[in-house]
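Single-letter residue listing:
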Amino acid sequence: MKILFRKLAFYGLLIGVFFSCSVPEREDPFVGMAAARWDVGKSATFLLSDDRFSNLELEVVYMKGYKPTDYLMESMVEFLQETTLKPGGIEIIEREIPAEGEEFYSTEDIGNLEDRYRESYNDGNTVSVFFLVVDGSYMQNEEEFFTIGAAYRNTSMVLFGKRIAENSGGLGRPSRGTLETTVALHELGHLLGLVNVGSEMVTPHEDQGKEYHCDNDSCLMYWTVETDNVLRFTPQTIPTLDENCRNDLRGNGGR
Ligand SMILES: [Zn+2]
Ligand SMILES: [Zn+2]
């Protein structure tokens, strides 16, 4: 009995050593490229709270001729400061890329551009958001969309520069800065889990006809905000999040 026990103990020790040597360290699933391939809203908690990431980095990559206004940059930082808990700070990196000269971009095209140009991914204490500005419009399955922007992955969003140019400036129309800022903040709202796409609703307020949007037509998360219908909705002022949307963000770790 004693010998058997010793043998068991010996094997046990061997097995213990074997496992600790051969099992690779588990990869952190929340950093790197793989963590940037999820659906919209799936990183809402990471973006909002400081539980896992205390810093936020916004990588803005724009095609030549489509540099976002300073107003947009400042407004995005301000919006994130108001809604998220990032004691380590929020930082913007800006970079120009060559214009592709395409009239239209599909979801696949946008994804490919991100794969080619994105450099910042979740790393250490920093959660990263990729913000692409292209020189064309959106087309999918041969259908042209009049959308001005879109959130398309858990930490990725795009603005369609051609649509912004077509719909801004001149009499009775919003300035370019106002229009692109309105749409950019709306897309950020989707990445933060609004509405009902990663941040649970405290009070039901998802639009019955337009999923992932707020039912309040004066809220930033109303569906017309990302389409050219935004003109009829808010010519010169940027809508803010209403109380229902704010509560959802607070309920999911935000400020
Ligand atoms: Zn939207
Ligand atoms: Zn709302």
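Predicted model only: the values in this text are computed from it and were never measured.

Position of His205 relative to the elements: it lies in the loop between helix H6 (176–191) and helix H7 (230–233). You can call His205 buried: its relative accessible area is 1%. Polar side-chain contacts of His205 include one of 2.5 Å to the side chain of Asp248. The contact partners of His205, leaving out residues within four places of it in the chain, are Val195, His213, Cys214, Asp215, Asn244, Cys245 and Asp248.

This brings us to the pairing of strand S2 (residues 89–97). Bridge count between strand S1 (residues 55–63) and S2: nine bridges; the pairing is parallel. Bridging across to S2, Met63 finds its partner in Ile97. The handedness of the S1 to S2 crossover, carried by helix H3 (residues 70–83), is right-handed.

What follows covers the sheet that holds strand S7 (residues 149–153). Read across the sheet, five strands follow the order S2-S1-S4-S8-S7 without closing on themselves; strand pairing throughout is mixed. The sheet is open, and its two edges are formed by S2 and S7, each paired on a single side. Strand-to-strand, the axes of this sheet are offset by a mean angle of 20 degrees, without reference to chain direction. Relative to the sheet, H3 contacts S1, S2, strand S4 (126–134) and strand S8 (156–160), its axis offset from that of S2 by approximately 150 degrees. Across the face of the sheet, helix H4 (residues 107–117) comes into contact with S1, S2, S4, S7 and S8 while running at roughly 125 degrees to S4.

Parameters and conventions
- Residues numbered from 1 in each chain as written.
- Chains lettered and ligands numbered in written order.
- Predicted model: local features only at pLDDT ≥ 70, side-chain atom pairs only at ≥ 80, totals over all residues.
- Heavy atoms only, no water.
- Helix = DSSP H or I, 4+ residues; strand = E, 2+ residues; numbered from the N terminus.
- Buried < 20%, exposed > 50% of the residue type's maximum accessible area, 1.4 Å probe, protein only.
- Polar contact = N/O pair within 3.5 Å; in protein donor to acceptor, adjacent residues only side chain to side chain.
- Contact = heavy atoms within 4.5 Å.
- Pairing = 2+ DSSP bridges.
- Right-handed = clockwise from strand over helix to strand, strands pointing away.
- Axes fitted to C-alpha atoms, helices over the stretch in contact; angles between N-to-C directions.

Nothing here speaks to function; it is all geometry.
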